[in-house]
Each structure stands twice: as C-alpha cells, then as structure tokens.
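Residue-level structural notes
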Amino acid sequence: MIHLIILDFDGTLGDTRANIVLTMRQTQERLGYPLASEDEIAATIGLPLEEGFRQLLPGLSDDKTLECALTYRGIFEVNRKKLVPKLFPNVKKTLSSLRGKGYVLTVASSRMSKSLNGFLTDMGISEYITYVLGADNVTKAKPDPEPVLKTMSDLGFSPEETLVVGDMPVDILMGKSAGALTCGVTYGNSSREDLVASGADYVVDDFSAVLSVLN
C-alpha cells in the first residue's frame, strides 16, 4: 500500500525546459564554450548542475565547472522573471486529489532548494508538498538512492510504502535502488522507451494517470 509519493520537479511537475535550455546556452556563450543543442541540454536535466556541465563539456576542470554553475545560477534568476515556467496539465488538480486521499507528497530534485521552493511557491503548489529535498540537502544526487532513502527515513516510511515519480531515467534508477516502486512520465524530457529501459514499474502519459497507478 503506497502512502508516500516522491516527485521530481523539472519535467514532472514544472515545464522548465525552455528556461534550462536558454540559460545553459547563455552560460556557454558568456564563458566562450561551444553551444550545445536543445536535445543535448535536455539529456542533462535531472542531473546536478555541475554534472550536467561535465557531460556537455567533457574534460572541464573542477574550477571551470564551478564557474559554469555559478554563472548559470545568476543568469537563471534573471530568466526566471522573464520566462515564467508553467505546471504541466492536470498537475495542480491531481496533487490536490492525492492530498485529499491522504497521500504524503514530497519533492526530490537536483535543483538547489532555494530555487526549488521558489518555484513551488510561485506555481501555487507548495501547500500540497510536505517535504522538499534539493541538491544541497544530500551528499549524493540522482541516480544515487540517497534522496529517496533520506526522505523515507525522515518521514518514517518504508520502500514498500513509497512511489517515486519522474520524467528521467535517473529518477527511476534512484527509486529502484532504494527499493521503491517507480512511475515514469512521458511528457517531460525523456521517452517512453528510455523510461521502460530504466526499469520503471509504470509509465504514464499524463500526470493525472498517477491516480490510476495507485488504485
């Protein structure tokens, strides 16, 4: 019986792809690096920011990686006010339904907690979320199971009571490594094929279908 639902944010609740792609390319341009394509950048969504830069710019030193991350975060705050992300269809309604049914809803993201909490508040869904875990709240990020293990430990739930929902293979791998059930969503930044290949227990095309997974 599922009681705890751990949700990814980018690509699962919020449609932040345009913000991320724009900011990543502006960062690369400002620092004089080759511009990555939208698909290349989208493939890094869900990873910690520094890891994303390492994937896009192989061989980058630790100092340069940190410079990229700091530059990105500064630009992102400016872009966030110009290009306001939106919730994916049926997210708010479904979160309300899930809370009404007694599920404990949490978020585990590779985004820093300040940015994450800001989005949850700005998008009007923070009232549904009991617990928020950002990249700065763990020592190991997705696909390591630490975010799921820490959430379960802090809130007193077992893997058998937990469902992890995300749009990327790293979300699925994180949940499976922690022993939880997993549900992939296809409308974000990954494909059904990749989610199935990563071992997702369920794959849905609309966030509202999470309700049917729990029945």
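Residues numbered from 1 in each chain as written. Predicted model: local features only at pLDDT ≥ 70, side-chain atom pairs only at ≥ 80, totals over all residues. Heavy atoms only, no water.

The next thing to look at is the overall build of the protein chain. Each helix and strand in the protein chain was counted, giving 10 helices and eight strands. Whereas a compact globule of 215 residues would reach a radius of gyration of roughly 17 Å, the protein chain reaches 17 Å, a difference of no more than 12%. Taken along its principal axes, the extent of the C-alpha atoms in the protein chain is 50 × 30 × 30 Å. Here the protein chain holds 215 residues, and the buried ones make up 52% of them. Partitioning the intrachain contacts of the protein chain with sequence separation of at least 6 by distance along the chain shows that 63% fall at a separation of at least 24. Total accessible area on the protein chain is roughly 9,600 Å²; 51% of this is exposed by carbon and sulfur atoms. Of the side chains in the protein chain, 21 bear a positive and 28 a negative charge, and the two mean positions are spaced by 6 Å. (Helix = DSSP H or I, 4+ residues; strand = E, 2+ residues; numbered from the N terminus. Rg over C-alpha atoms; globule rule 2.2 N^0.38 Å. Buried < 20%, exposed > 50% of the residue type's maximum accessible area, 1.4 Å probe, protein only. Contact = heavy atoms within 4.5 Å. Areas by Shrake-Rupley, 256 points an atom, 1.4 Å probe, with all protein chains shown as cover. Lys, Arg positive; Asp, Glu negative; His and termini not counted. Charge placed at Lys NZ, Arg CZ, Asp CG, Glu CD.)

Now for empty space enclosed by the protein. Under the counting rule described, the total for this entry stands at one cavity of 30 Å³ or more. Here the largest cavity defines a volume of roughly 40 Å³. Surrounding the largest cavity, Ala-108, Ser-109, Ser-110, Leu-133, Gly-134, Ala-135, Val-138, Ala-141, Lys-142 and Pro-147 form its lining. The class makeup of the residues in the lining of the largest cavity is six nonpolar, three polar and one charged. (1 Å grid on protein atoms, 1.4 Å probe; cavity = no way out; pocket = protein on both sides within 12 Å on 5 of 7 lines; lining within 4 Å. Points joined across faces, edges and corners; volume = space filled by probe spheres on them. Nonpolar A, V, L, I, M, F, W, Y, C, P; charged D, E, K, R; others polar.)

The next thing to look at is unusual backbone geometry. The omega angle of the peptide bond from Lys-142 to Pro-143 is 5°, so this bond is cis rather than trans. Mapping Pro-143 onto the fold places it in the loop between strand S5 (131-133) and helix H7 (146-155). The backbone of Asn-90 sits at a positive phi, close to 70°, despite the residue not being glycine. If you trace the backbone, Asn-90 turns up in the loop between strand S3 (86-87) and helix H5 (91-100).

Throughout the structure, instances matching the rule amount to five aromatic pairs. Between Phe-9 and Phe-119, the ring centres sit 5.6 Å apart and the planes meet at 20°, which makes this aromatic pair stacked. Here the residue Phe-9 occupies a position in the loop between strand S1 (4-7) and strand S2 (14-15), and Phe-119 occupies one in helix H6 (residues 113-122), the gap between them amounting to 110 residues. Between Phe-88 and Tyr-187, the ring centres sit 4.7 Å apart and the planes meet at 50°, which makes this aromatic pair tilted. Placement of Phe-88 in the loop between S3 and H5 and of Tyr-187 in the loop between strand S7 (181-185) and helix H9 (192-197) is noted, with a sequence separation of 99 residues between them. An aromatic cluster is defined as three or more aromatic residues linked by ring pairs; in this entry it consists of Phe-9, Phe-53, Tyr-72, Phe-76 and Phe-119. (Phe/Tyr/Trp six-rings, centres within 6.5 Å; stacked < 30°, edge-to-face > 60°.)

Formed by 45 residues in total, the largest nonpolar core has its most connected members in Ile-5, Leu-7, Leu-13, Leu-95 and Val-165. Of all the elements, helix H4 (residues 62-82) adds the most residues to this core, at four residues. Residues contacting Ile-5, with those up to four places away along its chain left out, are Leu-98, Tyr-103, Val-104, Leu-105, Thr-106, Leu-163, Val-165 and Leu-214. One finds Ile-6, Met-152, Met-174 and Ala-180 within the second-largest nonpolar core, a separate group that totals nine residues. (Core = buried A, V, L, I, M, F, W, Y, C linked by side-chain atoms within 4.5 Å.)

Let us now look at the side chain of Ser-110. On the secondary structure map, Ser-110 appears in the loop between strand S4 (104-108) and H6. Given the relative accessible area of 11%, Ser-110 is considered buried. From its side chain, Ser-110 meets the backbone oxygen of Gly-46 in a polar contact 2.5 Å long. Residue contacts for Ser-110: discarding those within four places in its chain leaves Gly-46, Leu-47, Pro-48, Ala-135 and Lys-142. (Polar contact = N/O pair within 3.5 Å; in protein donor to acceptor, adjacent residues only side chain to side chain.)

Turning next to the layout of surface pockets. Approximately 460 Å³ is the volume found for the largest pocket. Lining of the largest pocket is provided by 25 residues; of these, Leu-49, Tyr-72, Arg-111, Met-112 and Ser-115 occupy positions nearest its centre. Listing elements by their share of the lining of the largest pocket, those giving two or more residues are helix H1 (17-31), helix H3 (49-56), H4 and H6. Here the residues of the lining of the largest pocket sort into nine nonpolar, seven polar and nine charged.

In this section: the pattern of salt bridges. In this structure the tally under the stated criterion is 13 salt bridges. When the shortest N-O distance is used, the salt bridge between Glu-38 and Arg-17 registers 2.9 Å. Remark: Arg-17 occurs in helix H1 and Glu-38 occurs in helix H2 (residues 38-42); sequence separation between them is 21 residues. Given a relative accessible area of 42%, Glu-38 falls into the partly exposed group. (Salt bridge = Lys/Arg side-chain N within 4 Å of Asp/Glu carboxyl O.)

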